[in-house]
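Letter by letter, the chains look like this.
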Amino acid sequence: LAKKGYRVIALAYKLLGDSKQVEQAKDARAQCEENLIFAGFIAFTCRVRKDTKAVLQKLKEGGMQVAMVTGDALLTAAHVAKEVAICDTHDGVDEIDMLDFEKNEELIALVKSRRALASNGGRREKKSKKKNDRPLKPILILEQDSLSSMYWQSYDDESK
């Protein structure tokens, strides 16, 4: 579910028999969180604003670097990042270049020069790169197996 952008919360409860157990539960968090009865999961979405992808695209066109800082679970964050085009996807769909619709030649030249600077880490470039020339950056997840060995797993196809 998290890989599809859902936030997932596990629910559990504990029956407290008398006032002494209630007081112990208030005093110590560990007391509350042991010997719980699993009640299920809640999965919900928190959709991004409709204009987020377009705003981020404009920032990128202006030469800005975009990063996402979140407290979401990794798979949820990766889904959101793909949804708003912060990171590349492998679906073969190109983003719409708003410069194709721009008529102001001065603005077009400015945006193209900012893009060239951004793609070169701030260094000037003699000829501009095409957007599709940059390599795709896959999303990798650092996982741990049952033997406590660490390995990298692909987000897209779950291969190791």
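Residues numbered from 1 in each chain as written. Predicted model: local features only at pLDDT ≥ 70, side-chain atom pairs only at ≥ 80, totals over all residues. Heavy atoms only, no water.

### Brief notes about the overall build of the protein
Short version of the rule: In DSSP terms, a helix is any run of H or I states spanning at least four residues, a strand is any run of E spanning at least two, and both are numbered starting from the N terminus. Only heavy atoms enter the contact rule, under which two residues are in contact if any of them lie within 4.5 Å. Here the accessible surface of atoms and residues is derived via Shrake-Rupley with a 1.4 Å probe, and residues count as covered only by protein chains that are part of the display.
A tally of regular secondary structure across the protein gives 5 helices and 4 strands. When its helices and strands are written in sequence order, the protein yields β-α-α-β-α-α-α-β-β. Taking as baseline every contact in the protein between residues at least 6 positions apart, the subset at least 24 positions apart corresponds to 59%. Element-wise, carbon and sulfur atoms account for 55% of the exposed surface of the protein, whose accessible area totals about 12700 Å².

### A few points about a nonpolar patch on the surface
Definition in use: The patches reported here contain residues having more than 30% relative accessible area and no salt bridge. Joining distances are 9 Å for like charges and 5 Å for nonpolar side chains (Val, Leu, Ile, Met, Phe, Trp, Tyr). Criterion for a salt bridge: a side-chain nitrogen of Lys or Arg within 4 Å of a carboxyl oxygen of Asp or Glu. Relative accessibility decides the category of a residue: with a 1.4 Å probe and only protein chains considered, values under 20% of the type maximum give buried, values over 50% give exposed, and everything between is partly exposed.
A contiguous nonpolar patch, built from Leu1, Val8, Phe38 and Phe41 and spanning about 450 Å² of accessible area, is present on the exposed surface. Within the secondary structure layout, phenylalanine 38 lies in strand 2 (residues 37-44). Classification of phenylalanine 38 as exposed rests on a relative accessible area of 54%.

### Considering the environment of serine 113
Within the fold, serine 113 resides in helix 5 (residues 105-119). Residues serine 113 and glycine 63 lie 50 residues apart in sequence; the distance between their C-alpha atoms is 8.4 Å.

### Looking at helix 3 (residues 52-61)
Note the cut-off: Comment: arc refers to directions from the helix axis out to C-beta atoms.
Regarding helix 3, the residues found buried are Leu56, Gln57 and Glu61. All buried residues of helix 3 project into a common sector of 140 degrees when viewed along the axis, lining one side. Looking at the buried side of helix 3, the elements it contacts are helix 5. A positive backbone phi angle near 90 degrees is found at glycine 63, which sits one or two residues after helix 3.

### Some thoughts on the environment of aspartate 18
The test is simple: Think of a polar contact as two N or O atoms within 3.5 Å of one another; within protein, one of them needs to be a possible hydrogen donor and the other a possible acceptor, and neighboring residues in sequence only count if both atoms come from side chains.
Relative to the assigned elements, aspartate 18 resides in the loop between strand 1 (7-13) and helix 1 (19-27). Note on aspartate 18: relative accessible area 42%, which makes it partly exposed. Here lysine 20 takes part through its backbone nitrogen, which lies 3.2 Å from a polar atom of the side chain of aspartate 18. Of note is the side chain of aspartate 18, whose polar atom sits 2.9 Å from the backbone nitrogen of glutamine 21.

### Some remarks on the packing of aromatic side chains
What counts is decided by this rule: Centres within 6.5 Å are what make two rings of Phe, Tyr or Trp a pair, Trp counting through its six-membered ring; a difference in plane orientation under 30 degrees is then read as stacked, over 60 as edge-to-face, and the rest as tilted.
Under the criterion given, the structure shown has 1 aromatic pair. Relative to phenylalanine 41, the ring of phenylalanine 38 lies with its centre 5.2 Å away and its plane at 65 degrees, an arrangement referred to as edge-to-face. We note that phenylalanine 38, like phenylalanine 41, is exposed.

### What about the pattern of salt bridges?
Applying the stated criterion across every chain, the model contains 3 salt bridges. The salt bridge partner of glutamate 33 is arginine 29, with a shortest N-O separation of 2.6 Å. Residue glutamate 33 is classed as partly exposed on the basis of its relative accessible area of 46%. With its nearest N and O atoms 3.2 Å apart, the salt bridge here joins arginine 49 to aspartate 51. Since its relative accessible area comes to 34%, aspartate 51 is described here as partly exposed.

### Some words on the confidence of the model for the protein
Fine structural detail should not be taken from predicted coordinates in areas where pLDDT scores are low. Basically, it comes down to this: Per-residue confidence from the prediction method is given by pLDDT, with values spanning 0 to 100.
Looking at the protein, the pLDDT average stands at 76 and 75% of residues meet or exceed 70. Put simply, strand 3 (residues 140-144) is where the protein has its lowest mean pLDDT, 72, and strand 2 is where it has its highest, 90. A low-confidence stretch, residues 92-96 (pLDDT under 50), is modelled with 8 contacts involving residues beyond four sequence positions or located in other chains.

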